[in-house]
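A look at the structure
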Amino acid sequence: MVGKKRTFIIVGASLAGAKAAEELRERGFDGQIVLVGAESDRPYERPPLTKDYLRGESDRGSNFVHEEGFYAAHEISLLTDTAVTALDPVAATVTLSGGTELGYDRLLLATGAEPRRLRVAGADLEGIHYLRTLADCELLRDRLRGGARIAVVGAGWIGSEFAASARQVGHEVTLIDPGAVPNERIFGAEIGSFYRDLHARHGVDLVLGEGVESFEGDGRLDRVRTSSGRAIECDFAVIGIGVLPRTDLARDAGLGVENGILVDAGLQTTAPGVFAAGDVASAWHPFYGGQLRVEHWSNALTQGPAAARAMLGETVRYEHIPYFFSDQYEVGMEYSGYAPHWDEVVFRGDPASGEFIAFWLCDGRVVAGMNVNVWDVSDQIRTLIGSRRTVDVPTLTDPDTPLGSSVDIATSRS
Ligand SMILES: Cc1cc2nc3c(=O)[nH]c(=O)nc-3n(C[C@H](O)[C@H](O)[C@H](O)COP(=O)(O)OP(=O)(O)OC[C@H]3O[C@@H](n4cnc5c(N)ncnc54)[C@H](O)[C@@H]3O)c2cc1C
């Protein structure tokens, strides 16, 4: 007698969810897979939405995670335009937006993140935009066709990349951020200054050290008023002030939630049979010895499949060292590691040359590294971080010494 096939449901049809579905089939899972997504498109990648696709340099089809026929060919039921509105972890059921109830044997929550909203006077005026979805990007892409004066609020990744792309296609851009330099919290002053100068060189008007007091206009946005009272006239504004994990479903179902859905190193939530991955998951990280929520592409790419393996009963220990990349103008970079605090930043190569590696050191160990226009070194940087050994700074920073030797000569003060 053939046993009843198992049903695995994945909530969130984006990178983490789509890669999890792919992994289930790759590993030979022959039960039902239901991939539920609130958006109208099949799963797509978001990085091009501030880069080439936004600038009109790539076509729509290149954004998708899989070819159009992939889901049908792999017998993955992809439900687009459908939200999961409720989860009952005791009955092991989810409710879909149309009211249908589905039972599951395993559930993956890959509900991602959404932009944090700026709640100041005038925040509802027409002409104030956020950028998270393909639809958001396409609206902005259309707006970038005519000449425009754009106020970008927030010099984090989304704001900085949007500002760079808008300049590259010829618009006037003012970038506003309360920090002294872009991405100050992650990078500190030195690398932050590198990015500040990069934007300035490309003609961005930087308004740093100031927040937004209000948006002004009659029905539609005319100007942004900063905390010092300065008025920035603009045709529209784009706000990038961070994201919040989409945890409502999990919280309402009584799952552990604290800055993301809490999962263990095997990506299991506090409810048996329910897993979480991607931007929404705050996972116990064995290497760092704490919960870590990572809002980057590479994490969604690898954590989704890791969760799929856990759903299949494999023992999973997810300890990927965080990694992300960013492209702004002629500067491409990769950042590996996690550095909530550090003692010093040292450089291999001169930042002024535009090609260098920066290392964040804590207690003589490399905790993060960023290669700028230098390629094929991020594995070595991750090895350095993973070794937890103290490094010899003159060797580490000498461009003529192979980077690998910094690990070899790492002393064992640890
Ligand atoms: C514009 C942009 C540019 C980026 N560029 C970079 C970059 O250069 N480098 C980098 O490392 N990272 C970048 N990122 C971050 C990266 O895209 C994210 O880390 C990644 O998308 C996370 O994938 P995810 O699957 O976890 O979640 P998400 O991509 O957020 O997807 C979650 C999906 O779940 C759906 N959903 C939520 N709740 C429900 C529900 N109840 N029912 C059904 N569906 C639901 C949502 O609609 C969404 O489609 C960028 C992000 C953006 C927005």
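Residues numbered from 1 in each chain as written. Predicted model: local features only at pLDDT ≥ 70, side-chain atom pairs only at ≥ 80, totals over all residues. Heavy atoms only, no water.

Let us now look at the site of the ligand. If you check the shell around the ligand, you find 34 residues, and the closest are S14, E39, R46, K51 and R132. Within the side chain of K51, an N or O atom sits 2.5 Å from an oxygen atom of the ligand. V84 has a polar backbone atom sitting 2.9 Å from a nitrogen atom of the ligand. Within the complex, 93% of the 1000 Å² of free accessible area of the ligand lies under protein. Elements supplying a minimum of two residues to the shell around the ligand: α1 (15-26), α4 (157-168), α8 (297-311) and β22 (323-328). When the residues that make up the shell around the ligand are grouped by side-chain class, the tally is 17 nonpolar, nine polar and eight charged. A domain split of the shell around the ligand shows at least three residues from each of domain 1 (7-114 + 244-311) and domain 2 (128-241). (Near = heavy atom within 4 Å. Polar contact = N/O pair within 3.5 Å; in protein donor to acceptor, adjacent residues only side chain to side chain. Areas by Shrake-Rupley, 256 points an atom, 1.4 Å probe, with all protein chains shown as cover. Helix = DSSP H or I, 4+ residues; strand = E, 2+ residues; numbered from the N terminus. Nonpolar A, V, L, I, M, F, W, Y, C, P; charged D, E, K, R; others polar. Domains from an automatic or database assignment.)

Here helix α6 (residues 189-201) spans 18 Å end to end across 13 residues, near enough to the 18 Å set by a 1.5 Å rise per residue. The complete set of buried residues in α6 reads I191, G192, S193, F194, Y195, L198 and H199. Once α6 finishes, G203 follows within two positions and takes phi at roughly 90 degrees, a positive value. (Expected span 1.5 Å × (residues − 1). Buried < 20%, exposed > 50% of the residue type's maximum accessible area, 1.4 Å probe, protein only.)

Looking now at the pairing of strand β26 (residues 365-372). Within β26, seven of the eight residues are buried, which leaves it mostly tucked inside the rest of the structure. Pairing geometry for strand β23 (residues 331-337) and β26, over five bridges, is antiparallel. When the sheet's bridge partners are listed, S336 is paired in β26 with G369. By the bridge criterion, seven bridges tie strand β25 (residues 356-362) to β26 in an arrangement that is antiparallel. Following the sheet pairing, C362 is matched in β26 by R365. Once β25 ends, the chain turns through two residues before running back antiparallel as β26, passing D363 with a positive phi of about 50 degrees. (Pairing = 2+ DSSP bridges.)

Sheets are built from strands paired through backbone hydrogen bonds, the pairs being either parallel or antiparallel. The parallel open sheet is built from five strands, whose spatial order is β9-β16-β10-β11-β12. Unpaired on one side and paired on the other, β9 (128-130) and β12 (205-208) mark the two borders of the sheet. Put simply, the sheet's adjacent strands are angled 20 degrees from each other on average, direction ignored. Bridge analysis of strand β10 (residues 149-153) against strand β16 (residues 236-239) gives four bridges, and the strand direction is parallel. When the bridges of β16 are listed, V152 appears paired with V238. Of the strands in this sheet, β10, β11 (172-177) and β16 are in contact with α4, which crosses β11 at around 165 degrees. (Axes fitted to C-alpha atoms, helices over the stretch in contact; angles between N-to-C directions. Contact = heavy atoms within 4.5 Å.)

What follows covers the domain arrangement of the protein. Along its sequence, the protein is organised into domain 1 (7-114 + 244-311), domain 2 (128-241) and domain 3 (330-408). The centre of domain 1, based on its C-alpha atoms, is set 32 Å off from the matching centre of domain 3.

Glancing now at the nonpolar core. Membership of the largest hydrophobic core comes to 52 residues, with the highest contact counts inside it found for L87, L107, L108 and L109. Those residues in contact with L109 that sit more than four places away from it in its chain are V11, L87, L249, A250, L255, I261, V274, F275, A276, A277 and V280. By size, the runner-up hydrophobic cluster in this structure holds 45 residues, among which are L140, A148, I191 and V372. (Core = buried A, V, L, I, M, F, W, Y, C linked by side-chain atoms within 4.5 Å.)

Let us look at the side chain of S58. When you line up the elements, S58 lands in the loop between β2 (32-36) and α2 (70-73). Of note is the side chain of S58, whose polar atom sits 3.4 Å from the backbone nitrogen of Y53. Dropping the residues within four chain positions of it, S58 is found in contact with D52, Y53 and R141.

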